[in-house]
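Coordinate analysis (summary)
Here are the chains, one letter per residue:
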Amino acid sequence: MSILSVYLSYAFVYFVLFLVVPFVVVTFVLTCIKFFRNEHDVPLHARIKNRLFDNESLGFFKSLKSLTKGQYEICSHVPMDTVVEVERDEEEPHGYLDYVLIDQNSSEIKMIISDFSDADNKSVLPLLRKMNIRIIDMKRDHPFDTQHLSQALAA
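What you are looking at is a predicted structure, and each value in this text was computed from that prediction instead of being measured. (Residues numbered from 1 in each chain as written. Predicted model: local features only at pLDDT ≥ 70, side-chain atom pairs only at ≥ 80, totals over all residues. Heavy atoms only, no water.)

We now examine the sheet that holds strand E2 (residues 96–103). With respect to topology, four strands assemble into an open sheet ordered E1-E2-E3-E4, the strand pairing being mixed. The strands lining the two open edges of the sheet, one partner per strand, are strand E1 (72–79) and strand E4 (134–137). Adjacent strand axes in the sheet meet at a mean angle of 20°, parallel and antiparallel pairs treated alike. Relative to E4, strand E3 (residues 109–114) is paired through four bridges, and the arrangement is parallel. In the sheet register, Ile113 faces E4, and the bridge partner there is Ile136. (Pairing = 2+ DSSP bridges. Helix = DSSP H or I, 4+ residues; strand = E, 2+ residues; numbered from the N terminus. Axes fitted to C-alpha atoms, helices over the stretch in contact; angles between N-to-C directions.)

Have a look at this one:
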C-alpha cells in the first residue's frame with residue numbers, strides 16, 4: 001500500500017506540474033492580452049508623401065537659401081499663431097505664412113514672404129507692418145523674381 005501511495009502522489013505532482021500549471025499560465029496570459037489590447041485602433045491607411053514641395057516651390061526655396069547666404073534661417077509653412085502673439089481679448093490669427101526668414105544672430109523675424117490674398121492672412125497684414133517686419137506679398141501660383149528678392153533682402 002505504501003508503494004501505491006507513492007506512485008499516486010508522484011502522479012498527482014506530475015499532473016499538477018505538467019497539466020494544471022501550464023493551463024493556468026496560458027489562461028492568465030490570454031486574459032492579459034485580451035484586457036490590455038487596444039481595440040479602438042483603426043488601421044492606418046497613410047503613407048509618406050514623395051515630395052514636400054512641388055518643383056517650383058523647391059526651386060524658389062533653393063534660390064532663397066542661396067540668396068540669404070546663410071545669414072537667415074528659412075522656415076516654410078509657418079502657422080500664423082506662432083509668429084503673432086495677441087492680447088487675450090483679441091481673436092487668434094489663423095492661417096499659414098509661406099516663408100519666414102529668421103536672423104541667426106538675434107533670432108528675430110526679419111522678413112515674411114507669403115500670399116496675403118487669403119482672408120486670414122490679409123487680416124494680420126497691418127499688424128505685421130506695424131511690427132517693422134519686411135513683408136513681400138508673393139502669389140503662390142506666380143514665381144517671384146530672384147533679382148527683386150535679392151534687392152529686398154539687401155534693403
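Having seen the structure, we can now continue with the description.
With that out of the way, let us pick up the UniProt feature "transmembrane region" (unreviewed entry) in the chain. When the UniProt feature table is mapped onto this chain numbering, "transmembrane region" (unreviewed entry) sits at residues 12–36. Along residues 12–36, the helical share is 100% and the strand share 0%, with 34 Å between the first and last C-alpha atoms. (UniProt positions renumbered as here; feature names shortened; annotations may be inferred.)

Consecutive residues of a regular strand have side chains that alternate between opposite faces of the sheet. For E2, the tally of buried residues reaches six of eight residues, placing the bulk of the element in the interior. By the bridge criterion, seven bridges tie E1 to E2 in an arrangement that is antiparallel. Considered in E2, the bridge of Ser76 is made with Tyr99. Here E2 pairs with E3 via four bridges, running antiparallel. Bridge assignment links Ile102 to a residue of E3, and that residue is Ile109. Joining the antiparallel neighbours E2 and E3 is a turn of five residues, in which Ser107 adopts a positive phi near 60°. (Buried < 20%, exposed > 50% of the residue type's maximum accessible area, 1.4 Å probe, protein only.)

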